Amino acid sequence: QVQMEESGGGLVQAGDSLRLSCVAPGRTFNSYVVGWFRQAPGKEREFVAAVSSWSGRTTYYADSVKGRFTISRDNAKNTVYLQMNSLKPEDTAVYYCAAVTYCSDYGCYDGARYDYWGQGTQVTVSS
């Protein structure tokens with residue numbers, strides 16, 4: 001099992017920024033592809049962003065967040081970040097990080113591909 005914990009959520013105004021963190025004990029976490037997903041009440045879980053293992057050179061983004069969100073990793077801290085800028089009310093959701101050993105270019109968008117999930121952190125954006 002990979003034990004992950006998200007943090008950094010909160011209540012902000014539209015146009016503000018938040019930085020979410022996903023951390024796991026042990027540096028084996030750096031060998032996993034890590035994705036961020038979100039789920040709003042009454043809606044399906046949706047993909048937000050993902051970053052490749054180790055170097056983090058490859059990133060993936062949902063069209064709805066491209067140009068506003070940035071995913072990155074700091075291997076020395078066993079941490080993956082999601083920097084969220086220009087937040088909109090429609091970004092309101094519980095945000096989850098997830099990990100998988102490997103995923104293909106298209107498979108990294110699919111939550112069913114991921115093996116381990118954190119408990120989530122609430123992001124609320126008011127208008």
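Note: the structure precedes this text.
Here the structure is a predicted model, which is why all the values come from computation and not from measurement.

Quick look at the overall build of the protein chain now. Helix and strand content of the protein chain: zero helices and eleven strands. Secondary structure of the protein chain in N-to-C order comes out as β-β-β-β-β-β-β-β-β-β-β. Against the globule reference of 14 Å for 127 residues, the protein chain gives a C-alpha radius of gyration of 13 Å, in line with a compact fold. The principal-axis extent of the C-alpha atoms belonging to the protein chain is close to 40 × 30 × 25 Å. Evaluated residue by residue, the protein chain yields a buried proportion of 46% over its 127 residues. Considering only contacts in the protein chain between residues 6 or more positions apart, those separated by 24 or more positions represent 59%. Summing over all exposed atoms, the protein chain offers an accessible surface of approximately 6,600 Å²; the carbon and sulfur share of this is 46%.

With respect to the helices and strands, S21 occurs in strand β3 (residues 18-23). Residue classification places S21 among the buried positions, given a relative accessible area of 18%. With sequence-adjacent residues up to four places away left out, S21 is seen in contact with E5, E6, S7, W36, T79, V80 and Y81.

Applying the stated criterion across every chain yields a total of four salt bridges. As a salt-bridge pair, R38 and D91 come within 2.9 Å of each other at their nearest N and O atoms. Of this pair, R38 sits in strand β4 (residues 33-39) while D91 sits in the loop between β8 (79-84) and β9 (93-100), placing them 53 residues apart in sequence. Residue classification places R38 among the buried residues on the basis of a relative accessible area of 5%. On the basis of relative accessible area, D91 is assigned to the buried category, the value being 1%. When the shortest N-O distance is used, the salt bridge between R68 and D91 registers 2.8 Å. With a gap of 23 residues between them, R68 in the loop between β6 (59-61) and β7 (69-74) and D91 in the loop between β8 and β9 connect regions that are remote in the sequence. Looking at R68, the relative accessible area reads 10%, which means it is buried. Here the salt bridges do not stand alone but share partners, grouping R38, E46, R68 and D91 into one network.

Bringing the state of the cysteines into the picture now. Enumeration over the complete set of coordinates arrives at two disulfides. In this model C22 forms its disulfide with C97; the gap between the sulfur atoms is 2.1 Å. On the sign convention where negative means left-handed, the S-S torsion of about 65° between C22 and C97 marks this disulfide as right-handed. Here C22 is found in strand β3, whereas its partner C97 is found in strand β9, with 75 residues between them in sequence. Classification of C97 by relative accessible area gives buried; the value is 0%. Here C103 is linked by a disulfide to C108, with a sulfur-sulfur distance of 2.0 Å. When the S-S torsion is 95°, as for the bridge of C103 with C108, the disulfide is right-handed. Note on C103: relative accessible area 7%, which makes it buried. Taking relative accessible area as the criterion, C108 reaches 1% and is therefore assigned buried.

Parameters at a glance
- Residues numbered from 1 in each chain as written.
- Predicted model: local features only at pLDDT ≥ 70, side-chain atom pairs only at ≥ 80, totals over all residues.
- Heavy atoms only, no water.
- Helix = DSSP H or I, 4+ residues; strand = E, 2+ residues; numbered from the N terminus.
- Rg over C-alpha atoms; globule rule 2.2 N^0.38 Å.
- Buried < 20%, exposed > 50% of the residue type's maximum accessible area, 1.4 Å probe, protein only.
- Contact = heavy atoms within 4.5 Å.
- Areas by Shrake-Rupley, 256 points an atom, 1.4 Å probe, with all protein chains shown as cover.
- Salt bridge = Lys/Arg side-chain N within 4 Å of Asp/Glu carboxyl O.
- Disulfide = S-S within 2.5 Å.

The quantities given are spatial measurements derived from coordinates; they are silent on function.
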